[in-house]
Amino acid sequence: MNELSTYLIVAAILFSMGLLGLLQRRNLIGMLISIELMLNGASLNFMAFNRFLAPEPAVGQIVTLFIMGLAAAEAAIGLSIILALFRRMHSINVERAQQLRG
Amino acid sequence: MRTILFLLVFLPLAGALFHILAGRHVSRRVVEIVACSSVAGSFFMALSALLALKQGPLRVIFLRWFEAGDFHAAMDVYYDPLSAVMALMVTFVSALIHVYSVGYMRDDEDYARFFFYLNLFVFCMLVITLADDLVFLFLGWEGVGFCSYALIGFWYRDEANAAAGRKAFLLTRLGDVAFGVALGLVFVLFNRLSISHVTTHATELTAASATVLGLLLLWAAVGKSAQLPLVVWLPDAMAGPTPVSALIHAATMVTAGVYLLMRLFPVVLMSEAALSAIAVVGVLSAFYAACAALAQKDIKRVLAYSTISQLGYMFLAVGAGDVIGSMSFLLSHAFYKALLFLAAGCVIRALHEEHDIFRMGGLRGRLPAVFFLFLAGVLSLGAIPGTGGFINKDRILVAVFSHPHGAFKILWLAAVATSFLTTLYAFRLLFVVFLGRSGQSVEQQEIHPIPAVMTRTLWPLAFLALFAGFMNLPAVWGGEEWLAGFLGGVPGTVPHLHISPGIEWFVAMSDGVVALAAAALAFVLYGPVESTRWRAVFIPAQTVRDFFLSGFYLDRLYQAVLARPYMELARILWLKVDEGALDGCIAASSRTFPLLGSVLRLWTTGRISTYLLGLLVGLTVMLGLLVIRFYAG
Amino acid sequence: MMDSGWLVILPHISLAAGGILIFCAGAFMRRRASDIIPVLAFASAACAGVSSAWIDPGGPGFLGMLDSGGFSRFFAVIFSLITLMTLVFSHHYARDRGFAGDEFYGVLLFAALGMILVAGASHWLIFFLGLELLSLSLYVLIAARKNDPASNEAALKYFVMGSVAGGFLTFGIAVLYAVTGRMDISAGLGSTMTADNRAGLLLGLSLVMVGIGFKISLVPFHLWTPDVYQGAPAPVTAFLSTGSKVAVFAALLRFSLCSHEAVWAYMAPLFWGLAALTMIVGNVTALAQTHLKRLLAYSSIAQMGYVLMALLAVKHGGASAVVFYLAVYALMDLGAFGAVAVLSGEDRERDDLEDYRGMGYVHPWRAGLLAVCLFSLAGLPPTAGFIGKFVLFHAAIQAGYVALALVGILAAIVSVYYYLRVMGILYMRTGECGIVPRTGILGDGAGMMILALLLLLGIVPSPLLTAISNIVSSLSH
């Protein structure tokens, strides 16, 4: 097995774990972590492609850096939303938030 | 010229915009001045445009609207003698009626709304008159319909008025459907929607397509001009303020239907069948409405039926191939009918909103000015020899009589009979209202003073009603047929009928005799001298009178034959659907879709997990489809 | 090259600087911040609009990252206008409800920056960054009413869905990068399809389409839309439903225009299905709604279906129809949600349809704005929506998608029912409805302007149509 596909498989596993986690979990913190997993899968892809395939050397790394930054910002905003919700509902179960529907 | 035409069309629109934007914030005087001056300005533009019209018809594009492939739509005008004359008449009558309305609406608080609709109406009417692009014309066509609806129901607090407005709107919509279809057909046949293009290329039409198109146009015109079978809305439309009846339901909008036929006459001319249909519809409507007018008690309803009847003559003239006769009749009718309506408005106002003619009577002494104005209108409407109305009606009758097709002789006979009835009901109105004993209303009440502005504006109309016809005095009587010569360039017209003087004299004599005889009969029956003996002979039984009064029970007929079965059907369907769930009948679709909607809304559960699943399912399906295509090809 | 480069990013700089200045003002000028912040926000959005409208940078763009052509500038102007209108609509609204702080105005400007980046990106990285900037800002904006449970719930839903869609999008871009080796959008999508890269290209594109489909709420990625639109404050909903959708659709249009014929042949059937589903489900579900904001949400879903239908014709000259409709759509939805904002009472949002009973008589102008927008959304003349629908369906039929156009026309006929139902309620004479506080001259002016533009474009569309077709033709080569 060549090295690229190892990376790709790991990335795909990370991504799918994130996806599965999102569908499985009702806990908001858990969902937040799952989203991070998905993003990391994508980052790993970028790094691997950059290392093995792409002609432009630095692009993949730069993208990965941006993704890391964005993931951090997303986590911050996500946590504050969760906090606001927790104050109101005293729970971080996502299924509690279904006042809006139809 | 471009500027003149632009101002001609858009000045009233500017006035309307002013009223809706600023009407509530300025004084009544300002609103009145803006309303009248915008229309008057438009009239002067029409006059100068007419004087400047030398080099023949002229097409001016104000604005390219949008273009998509072959389809072009533009705001443009096609200014030819026909539209020039029509525009002049529309702006002139409108300007006078605006001035009259200032007096008429003196006590109404909602003047800004009233003048907004009135100005907007004039704009839309000018669009119909002048537009070259049929889409633009259609805009005006719908616009006048809307204004008419809004003005009939102007005093909307009274439920009957609002209902009359709705009825007019719905019935004219029936005609508009045909117009819409005709537009589509014109586009298919000519690949263009421009009147100038259509009229110059009309000869390329096959007989069949010309017939279909002609009949569609006829149906559209019938809706707008209240001809049989779509007549019933016009008498009810009298619920609106009287100036509105005069402007919209006598002089201008109702003539738009017949004007459309004249404007597209080369198309109609290609089909013998369409021409005959137009003539027959015209004669039947004329006769029908004249009978109905004879029995009406409401002064405005008499005039409304009379309008239908006179419009019938215009249709007849178009059907006989004489556009010029139709147009001159249209002009002369606009003047005397507007005059009659406005004079009737004065009477109604003076008698505290009294409409019943049998409660009037003896008004000659109390309202002398109005009497002479009304007399001028009646003389012209009754086509008494020597008036403009006689000359114009004579031209139509000559055209019908001399039509090569033999069956037109029957139409001529019917038209002469109608002419008799016309004079009869015209003089009946005059005698009952102004002569004879004073009615209850007049005796009991003080005469309400009429603003001078209301009567003074009628003098020009009275003059034109009596003498406008002399523009078209036939050569037999030493006339020059000036109007006919002017309109001669319009495609499809026959400026001079070239009839032997003998026939011309015969038709004129018979018509004149008939009119005088009818006037005499009216004098005997309704005149100041009581004559029970003659009345017993000539006035028919109560049942017949009721039959006429109700307009041959057409309203009831439509109610019974169309409206009620429709409601019944709807009720049955509704019950079935309600009780026995969805029977799969098409009419249930109006319930099916909301039901489907309430099923589909269950999909939006409010739970994030469902939403995520939706995302995933979407992706899976997309990938699945791609994989299938990938291996398939 | 360098000079023109700076001109390209003038609008971006002005928005970013405005945002940062507002945060500074909020942090350091506690006393007078509430007066200065709206002015600052307004000025920088206006500045962005003016600089993108009147300064033609020329040149090939900014470092291969941003496009500087008419297409980007046109959309930059639209986004500036949307931002300005949103600012106007939210001025009183936010102050009365106590969320008119620096975070609201600053973040609004950043969201606008995100939109301009998304629509003008010629590099995947910029597209990605712009989209994330937009999403992050919107999460904050939707949650702006901290004490409102609906606002919180909406923010949570948008956040979770947005992050997941963002994950898909990122992964998709990574795959595209792998198979084409390029981050340049037009070069990457324009590369010829070979047996080697075909699978990767299609996988990447469908992942990206999930992200995009989420943003422009195509069925079945649409489920969040009504909830979020209902929960968010009305001016934010106006901003969200117009700005973010138009931006992402502009990007999608760019992708479609520069994609290779072979790639397009694979994607077109997917778009066909998505468009049909979106038009049907959006319109039919809207029929059963009893809340105005949800009804408008489903209507906005359906509207995107129409645009997607015309997008199919993009290779046959349908692009200008799409751009025209996007502009008109922005006006209509901005006006409709803006009207909801200015018609809402102080204590709560006027949301239930019954609350609008007789509104046409109490507040004729504001209800008139809503009515005209609904009329336009329904595609009835003489409004801009009619012309817009006309060019959309015309483009689709010209390109041979007659069946899809028929589906669309049927769906549009069904839709007239619910639009007119709202109109009927607005002008029904029975019922009581509260008087609403004044919205100030600016709010009324903005509403008036939208109304006038909708009617003007309905009567005189040809100047804009001509301008757009020039812009689009410059983009395609």
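Residues numbered from 1 in each chain as written. Chains lettered and ligands numbered in written order. Predicted model: local features only at pLDDT ≥ 70, side-chain atom pairs only at ≥ 80, totals over all residues.

Q: Would you mind going over the overall build of chain C with me for this structure?
A: Per the secondary structure count, chain C includes 20 helices and 0 strands. For a compact globule of 477 residues, the expected C-alpha radius of gyration is about 23 Å, and chain C comes in at 21 Å, within 12% of that figure. With the C-alpha coordinates of chain C rotated into their principal frame, the extents come out at 65 × 55 × 40 Å. Here chain C holds 477 residues, and 66% of them are scored as buried. The long-range share in chain C, meaning contacts at least 24 apart out of those at least 6 apart in sequence, stands at 81%. (Helix = DSSP H or I, 4+ residues; strand = E, 2+ residues; numbered from the N terminus. Rg over C-alpha atoms; globule rule 2.2 N^0.38 Å. Buried ≥ 20, exposed ≤ 12 C-beta atoms within 10 Å, placed from the backbone. Contact = placed C-beta atoms within 7 Å.)

Q: Explanation requested: the interface of chain A and chain C in the structure shown.
A: Interfaces are often sized by the accessible area lost when the parts come together. Counting residues at the interface gives 33 residues for chain A, matched by 31 residues for chain C. Within the residue set of the side of chain A that touches chain C, elements represented by two or more residues are helix 1 (3–24), helix 2 (28–52) and helix 3 (59–89) of chain A. For the side of chain A that touches chain C, the element with the highest residue contribution is helix 3 of chain A, accounting for 13 residues. Here the side of chain A that touches chain C is composed, by residue class, of 24 nonpolar, 6 polar and 3 charged. (Nonpolar A, V, L, I, M, F, W, Y, C, P; charged D, E, K, R; others polar.)

Q: Is there a simple way to think about the interface of chain B and chain C in this case?
A: Taken together, the 31 residues of chain B in the interface contact 36 residues of chain C. Listed by contribution, the elements that provide at least two residues to the side of chain B that touches chain C are strand 1 (58–68), helix 28 (589–600) and helix 29 (608–632) of chain B. A total of 14 residues in the side of chain B that touches chain C trace back to one element, the largest contributor, which is helix 29 of chain B. Here the residues of the side of chain B that touches chain C sort into 19 nonpolar, 8 polar and 4 charged.

Q: Mind showing me how you'd approach helix 6 (residues 159–190) of chain B here?
A: Residues lying three or four places apart along an α-helix face the same way, a consequence of the helix completing one turn every 3.6 residues. All names here are of chain B. Between the first and last C-alpha of helix 6 there are 46 Å, a value that for 32 residues agrees with the 46 Å anticipated at 1.5 Å per step. Within helix 6, burial applies to A164, G165, K167, A168, L171, T172, G175, F179, A182 and V186. Remark: N191 follows helix 6 within two positions and exhibits a positive phi of approximately 65°. (Expected span 1.5 Å × (residues − 1).)

Q: Explain the environment of B:A399 here, please?
A: With respect to the secondary-structure elements, B:A399 resides in helix 18 (residues 388–401). Sequence-wise, B:A399 and B:H498 are 99 residues apart; in three dimensions their C-alpha atoms are separated by 9.9 Å.

Q: How should I be thinking about the packing of helix 6 of chain B against helix 8 (residues 207–225) of chain B in this particular structure?
A: Each pair of packed helices can be summarised by the angle the axes make with each other and by the distance between the axes. Residue and element names in this part refer to chain B. Put simply, helix 6 and helix 8 touch, their axes get as near as 7 Å, and they point 150° apart. As judged from the angle between their axes, helix 6 and helix 8 are roughly antiparallel. Of the two possible hands of crossing, helix 6 and helix 8 adopt the one that is left-handed. Across the interface between the two elements, L171, T172, L174, G175, D176, A178, F179, V181, A182, L185, V186 and L189 from helix 6 touch S209, V212, L213, L216, L217, W219, A220, V222, G223 and K224 from helix 8. Of the residues that constitute the contact of helix 6 with helix 8, the class distribution is 16 nonpolar, 4 polar and 2 charged. (Axes fitted to C-alpha atoms, helices over the stretch in contact; angles between N-to-C directions. Parallel < 35°, antiparallel > 145°, perpendicular 65-115°, else oblique. Left-handed = near helix turned anticlockwise from the far one by under 90°.)

Q: Where do I start with the nonpolar core in this structure?
A: Side chains that are nonpolar tend, in soluble globular proteins, to be buried together. Ranked by internal contacts, the top residues of the largest apolar core, which has 243 residues, are C:I142, C:A310 and C:A396. Sorting elements by how many residues they give to this core places helix 14 (residues 319–343) of chain C first, with 21 residues. The residues contacting C:I142, other than those within four sequence positions of it, are C:S151, C:A154, C:A155, C:Y158, C:V228, C:A232 and C:V236. Counting 222 residues, the second largest nonpolar core, distinct from the first, contains B:V244, B:A334, B:V370 and B:V400. (Core = buried A, V, L, I, M, F, W, Y, C linked by C-beta atoms within 7 Å.)

Q: Help me understand unusual backbone geometry in this model?
A: Excluding glycine, residues mostly carry a negative phi; peptide bonds, for their part, are mostly trans. Residue C:P220 is reached from C:V219 by a cis peptide bond, and omega for that bond is 10°. Looking at the secondary structure, you find C:P220 in the loop between helix 9 (198–215) and helix 10 (224–231). In this structure, B:A383 takes a positive phi of about 55° despite not being glycine. Here B:A383 shows up in the loop between helix 17 (368–381) and helix 18. Phi at C:S217 takes a positive value of approximately 45°, unusual for a residue other than glycine. Secondary-structure assignment places C:S217 in the loop between helix 9 and helix 10.

Q: Is there a simple way to explain the environment of C:L380 in this structure?
A: Residues and elements named next belong to chain C. Structurally, the position occupied by L380 is in the loop between helix 16 (364–377) and helix 17 (384–398). Owing to 16 C-beta atoms within 10 Å, L380 belongs among the partly exposed residues under this scheme. Considering only alpha carbons, one finds L380 and L84, 296 residues apart in sequence, at a separation of 27 Å. Every residue in contact with L380, bar those within four places of it in the chain, is listed here: F375 and F386.

Q: Sorry, what's going on with the environment of C:G190 here?
A: You can see C:G190 is positioned in helix 8 (residues 185–190). In this structure, the C-alpha to C-alpha distance between C:G190 and C:E261, residues 71 residues apart in sequence, is 8.3 Å.

Q: What is the right way to look at the confidence of the model for chain B in this model?
A: One rule of thumb: low pLDDT means the predicted coordinates there are not for detailed reading. The predicted model of chain B has a mean per-residue pLDDT of 82, with 89% of residues at 70 or higher. Ranking the elements of chain B by mean pLDDT puts helix 20 (residues 440–444) of chain B last with 60 and helix 14 (residues 299–319) of chain B first with 91. (pLDDT = per-residue confidence, 0-100.)

Q: Please explain the packing of helix 14 of chain C against helix 19 (residues 440–459) of chain C as it appears in this structure.
A: Residues and elements named next belong to chain C. Here helix 14 crosses helix 19 at 145°, and the two axes come no closer than 10 Å. Note that helix 14 runs across helix 19; the crossing there is left-handed. Within the contact between the two elements, helix 14 uses V328, L331, M332, L334, G335, G338, A339 and V342 and helix 19 uses G443, A446, G447, I450, L451, L453, L454 and L457. Of the residues in the contact of helix 14 with helix 19, the class split is 12 nonpolar, 4 polar and no charged.

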